[in-house]
Amino acid sequence: MADKKPVFKKLLRQSGKVYAWIRQYPLITLNSILLLAVIGLSVWYYSSTEGTLPQIAEVSHQAGSVNLKLEPASVIVAVNTETTINMTIDTTTAKVTAAAVELTYDPAKLQVTSATAGDFLTIVLVQSTIANGKINFTLAAPPDSGGKQGSGTLATIKVKPLTTGPSTLTFTDNTQVAVIGSNNNELKSAADATISTLGASPSPSPSPSPSPSPLPSPSPSPSASASPSPAASPSPSPSPSPTIIPGDITDNGDTPGDEVNHHDYNKLLQDFGKTGDPGWIRSDIDRNGRVYISDYNIFVRNYGQ
Ligand SMILES: [Ca+2]
Ligand SMILES: [Ca+2]
């Protein structure tokens, strides 16, 4: 208790010194205060904008170029009344070869009656399935198209609210788009839809609360470089001659200069969706252990060679 007083005096003396210093150097003091304020504001701005940026389901990486959108983004219908939601695609500068789509919804609130391919990507690699609150389908451009650029309708989805109140159709991280010239998921954005019901529900909270995951789980890409090492030693590779052109999956119907053709296409479609050890079948062109849109992408790139 007794030593409190000297401490207080010391503090008083020091604050006096600070005050004197401020009086002596008012400009430096002012500048320091301003600098601190600017830093504080910058930190606040950065953190606040970072928090509000994801207006859409961030299912992809920002460097992508393809945008998917459910339209209308918001619709109001009566309970048990069917309404149509279109999934549009805008490829901007990219040539899309295939798109794998997964949407999620609450089956207790919403019934999805159908999901059909639109006219933008006309090849169905995986038929649409509607089960357990998820819609899945994989569509592609024709093998000889070189990919498709532009905008249009990717799919049409019919839904029916089962109860009052809002529900959402939300893109998941499994939504991926392959484009010519890239081995990555090139989906840039995917905008969800909210289905609200007439009557009871007053405020159809508009935000679909996008799934926050910022990165796409780039499953199709990381294969090419990573895998080749482990298969170094075991020599008894059955392939009689080395297959050079990626996309040349079967030797059926091969002619010089046309080794990636419709025979390879048929084989790829047959194998589509299979999984195994990296490169265990020739349809796993990028050797990532899965016959997927990344393989189809490479196939289209080399079709006709
Ligand atoms: Ca072939
Ligand atoms: Ca693959």
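Please refer to the structure higher up on the page.
Everything numeric in this text was worked out from a predicted model, so none of it was measured.

Draft legend 1. Spotlight on the coordination of the calcium ion (ligand 2). Taken together, the protein donors to the calcium ion (ligand 2) comprise D284 (OD), D286 (OD), N288 (OD1), R290 (O), D295 (OD) and D295 (OD), at separations of 2.2 to 2.5 Å. In this structure, the calcium ion (ligand 2) is coordinated by six donor atoms arranged in irregular fashion, with angles at the metal of 54 to 162 degrees. Sequence spacing of the donors to the calcium ion (ligand 2): D-x1-D-x1-N-x1-R-x4-D. On the basis of relative accessible area, D295 is assigned to the buried category, the value being 0%.

Draft legend 2. Spotlight on the pairing of strand 6 (residues 123-131). Bridge count between strand 6 and strand 7 (residues 134-140): six bridges; the pairing is antiparallel. Residue pairing across strands places V126 opposite T138, the latter belonging to strand 7. Here strand 6 folds back onto strand 7 in antiparallel fashion, the turn holding two residues, of which N132 has a positive phi close to 50 degrees.

Draft legend 3. Structural view of the sheet that holds strand 5 (residues 110-117). The sheet built from five strands is open, its strands ordered 5-8-3-1-11 with mixed pairing. Whereas interior strands pair on both sides, the edge strands pair on one side only; in this sheet they are strand 5 and strand 11 (187-191). Taking each pair of neighbouring strands and ignoring which way they run, the sheet shows an average axis angle of 20 degrees. In this sheet, strand 8 (residues 151-161) lies alongside strand 5 in antiparallel orientation, the contact comprising seven bridges. Counted as the bridge partner of L110 is P161 from strand 8.

Draft legend 4. Molecular detail of the coordination of the calcium ion (ligand 1). The protein atoms that coordinate the calcium ion (ligand 1) are D248 (OD), T250 (O), D254 (OD), D254 (OD), E259 (O), D264 (OD) and D264 (OD), at distances of 2.2 to 3.1 Å. Mapped onto the sequence, the donors of the calcium ion (ligand 1) take the spacing D-x1-T-x3-D-x4-E-x4-D. With a gap of eleven residues between them, D248 in the loop between helix 3 (223-226) and helix 4 (262-271) and E259 in the loop between helix 3 and helix 4 connect regions that are remote in the sequence.

Conventions adopted
Residues numbered from 1 in each chain as written. Chains lettered and ligands numbered in written order. Predicted model: local features only at pLDDT ≥ 70, side-chain atom pairs only at ≥ 80, totals over all residues. Heavy atoms only, no water. Donors = N, O, S within 2.8 Å, 3.2 Å for Na, K, Ca; no water. Tetrahedral: all angles 85-135°; square planar, octahedral: opposite > 155°, others 65-115°. Buried < 20%, exposed > 50% of the residue type's maximum accessible area, 1.4 Å probe, protein only. Pairing = 2+ DSSP bridges. Helix = DSSP H or I, 4+ residues; strand = E, 2+ residues; numbered from the N terminus. Axes fitted to C-alpha atoms, helices over the stretch in contact; angles between N-to-C directions.

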